[in-house]
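# Architecture and fold: a report
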Amino acid sequence: MPFSDFHGNSDAVRTLREMLARDHFPHALILSGPPGSGKFTLSQMVAKAMNCLDRPVTDNLPDFCGLCANCVRIAEADALEKRFAEAVEARENLREADKRETRIFVQTHPDVLIVPPDPPQMLVKVDQVRHVIHEIYYKPVEGRERVYIFSDADFMKEAANSLLKILEEPPEFATIFLLTDNPSALLPTIRSRCMHLRLALMAPQEIEQYLATVRSDWKPQERELVARICGGGLGRARSFDLAAYLVARQDAISVLAPALGSNDHTELFRVTDSYRAGAEGRARTEQLIRTLYSLLEDMLFLRSGVPEMVRNHDIRMDLARMAQQVEFEWIVSATQRLGELESGMRRNLLRSLALDNFATALEHGLLTQK
Ligand SMILES: [Zn+2]
């Protein structure tokens, strides 16, 4: 999986590789861009190129082999969401006292450390930055360059101030990536010490063309759906679990159905009852909530007269019918309630019960507003 595997944003990729070639890579780099624009994928590629044992050259620029021991181990963190979930799960299973002291990291290679935002606040905490300070001044163990990737550079105040100390005196052999979709939220003093590269999303049509080559097993209509759902995020589109999405979408429609005039609650209870505790139940619930958001958003597009924005294009007729049954305000307040449901889920409320309550609230909200 060399740099040629990164599609889109060719200027940014070229800039990064030219800096690698000149052996003059900045100590700290902000990669900004909307979710799905490839910030993490690209920073992982640079980490591999910096530490690849084979050091291939393509188009006269440094690349990575993807096959050597360093590339392979760094690549184990490519599936960041999965590694992050494992780290959170491992902390959940610790004793109460240890849990409080443990911060979340993802590390599959001794010289490449990923610092994700720490739940439940989903902010980078000072202890995480202290850990980076503690090790960043030691020389790389098995590679040539230590790489620190803050996968979502949203810092608590004290953490940001600690990071600033590193940026004031960075070691020769380390590179810090700050990935963010909102660079203006970073302290100006941090921004001024970093180089800044911006990534953009790809157009859905470009994603569809790309999917036609790598996912020829999908029908054209399915490729269009995935390209729209992933909103320009190529990595997400490539590994999109279409089957799981279609199941979640059917469930989401069942959750909305009573609020949209169906008198049959049996299907709703069957669906909500299937969302249980544990890690698997959590992943399914998160997918269900994301899918509910996308359906409500599509209904909002339809009510606002911008049908071309609809993501679930294949069921747009059904969505149009659903959207006709409610007021604009209903959709807005349903989206707010969904936000409350989402934060309730983070606090580990009983999932099936919370889903039932959500569906009931929607149904009654409709009765009072119509
Ligand atoms: Zn390699």
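The structure this text deals with has already been given above.
Overview of the structure. (Residues numbered from 1 in each chain as written. Predicted model: local features only at pLDDT ≥ 70, side-chain atom pairs only at ≥ 80, totals over all residues. Heavy atoms only, no water.)

### Considering the overall build of the chain
Broken down by element type, the chain carries 17 helices and 8 strands. Here the chain has a C-alpha radius of gyration of 23 Å; the compact-globule value for 370 residues is 21 Å, and the two agree. Its C-alpha atoms give the chain principal-axis dimensions of roughly 65 × 50 × 35 Å. For the chain, the proportion of its 370 residues judged to be buried stands at 46%. (Helix = DSSP H or I, 4+ residues; strand = E, 2+ residues; numbered from the N terminus. Rg over C-alpha atoms; globule rule 2.2 N^0.38 Å. Buried < 20%, exposed > 50% of the residue type's maximum accessible area, 1.4 Å probe, protein only.)

### Some points on the packing of helix α1 (residues 10-21) against helix α2 (residues 39-51)
Two elements in contact, α1 and α2, have axes whose closest approach is 11 Å; the angle formed by their N-to-C orientations is 20°. In this view, α1 runs roughly parallel relative to α2, as classed from their interaxial angle. The element α1 and its partner α2 pack so that their crossing is right-handed. On α2, the residues that touch V13, L16 and L20 of α1 are L42, V46, A49 and M50. Considering only residue class, the contact of α1 with α2 consists of 7 nonpolar, no polar and no charged. (Axes fitted to C-alpha atoms, helices over the stretch in contact; angles between N-to-C directions. Parallel < 35°, antiparallel > 145°, perpendicular 65-115°, else oblique. Left-handed = near helix turned anticlockwise from the far one by under 90°. Contact = heavy atoms within 4.5 Å. Nonpolar A, V, L, I, M, F, W, Y, C, P; charged D, E, K, R; others polar.)

### Structural notes on the coordination of the zinc ion
The protein atoms that coordinate the zinc ion are C52 (SG), C65 (SG), C68 (SG) and C71 (SG), at distances spanning 2.3 Å. Within one chain, the residues donating to the zinc ion are spaced in sequence as C-x12-C-x2-C-x2-C. In this pair, C52 is assigned in the loop between α2 and β2 (57-58) and C68 in the loop between β3 (61-62) and α3 (69-75), connecting sequence segments 16 residues apart. Side by side, C52 and C68 carry an identical accessibility label, which is buried. (Donors = N, O, S within 2.8 Å, 3.2 Å for Na, K, Ca; no water.)

### Details of unusual backbone geometry
The peptide bond linking P119 to P120 adopts the cis configuration, its omega dihedral lying at 5°. For P120, the location among the structural elements is in the loop between β5 (112-115) and α6 (126-136). Backbone geometry places D59, a non-glycine residue, at a positive phi of 50°. Checked against the element boundaries, D59 lands in the loop between β2 and β3.

### Comments concerning the sheet that holds strand β7 (residues 174-180)
Backbone-to-backbone hydrogen bonds join strands into a sheet, with any given pair of strands oriented parallel or antiparallel. The 6 strands lie next to each other as β4-β5-β6-β7-β1-β8, forming an open sheet whose pairing is mixed. In this open sheet, the two edge strands, each paired with only one partner strand, are β4 (106-109) and β8 (195-198). Sheet twist, expressed as the average angle between the axes of neighbouring strands with direction ignored, equals 15°. Here strand β1 (residues 28-32) runs beside β7; their pairing, made up of 5 bridges, is parallel. Bridge pairing in β7 places I30 opposite L178. (Pairing = 2+ DSSP bridges.)

### Some words on the side chain of R146
Relative to the helices and strands, R146 resides in strand β6 (residues 146-150). Only 3.5 Å separates the side chain of R146 from the side chain of E135, close enough to count as a polar contact. At a separation of 2.7 Å, a polar atom in the side chain of R146 contacts the main-chain carbonyl oxygen of Y138. Not counting residues within four places of it along the chain, the set of residues in contact with R146 comprises P110, D111, E135, I136, Y138, K139, P140, V141, F173, A174 and T175. (Polar contact = N/O pair within 3.5 Å; in protein donor to acceptor, adjacent residues only side chain to side chain.)

### Comments concerning the pairing of β4
Remark: a regular strand shows side chains that alternate across the two faces of the sheet. Looking at chain direction, β4 and β5 are connected through 2 bridges and run antiparallel. By the bridge assignment, H109 is partnered in β5 with V112. Between β4 and β5, which pair antiparallel in sequence order, lie 2 residues.

### Description of the packing of helix α12 (residues 242-256) against helix α13 (residues 266-273)
Remark: α12 packs on α13, axes separated minimally by 8 Å, with the N-to-C direction vectors making an angle of 130°. Overall, the two elements α12 and α13 adopt an arrangement that is oblique. By crossing handedness, the relation of α12 to α13 is classed as left-handed. Two secondary-structure elements touch here, α12 through D251, S254 and V255 and α13 through E267, L268 and V271. Of the residues that constitute the contact of α12 with α13, the class distribution is 3 nonpolar, 1 polar and 2 charged.

### Describing the pattern of salt bridges
Taken as a whole and assessed by the stated rule, the structure comprises 22 salt bridges. Of the charged contacts in the structure, one is a salt bridge between R95 and D98, with a shortest N-O distance of 3.2 Å. Judged by relative accessible area, which is 30%, D98 ranks as partly exposed. (Salt bridge = Lys/Arg side-chain N within 4 Å of Asp/Glu carboxyl O.)

### What to know about the nonpolar core
With 34 residues, the main nonpolar core has F3, L16, F25, L31, L42, V46 and F177 as its most contacted residues. Breaking this core down by element, the ones donating at least two residues are α1, β1, α2, α3, β5, β6 and β7. Ranked by residues supplied to this core, first place goes to α2 with 7 residues. In this structure, F25 is in contact with L16, M19, L20, V46, M50, T175 and F177, ignoring residues within four places of it in sequence. Of all hydrophobic cores here, the second largest spans 32 residues; its members include V271, I315, M322 and A334. (Core = buried A, V, L, I, M, F, W, Y, C linked by side-chain atoms within 4.5 Å.)

### Points about the environment of A77
Inspection of the secondary structure puts A77 in the loop between α3 and α4 (80-92). A residue is classified by how much of its surface remains accessible, and A77, at 1% relative accessible area, is buried. The contacts of A77, once residues within four sequence positions are left out, are F40, Q44, R83, V106, T108 and I114.

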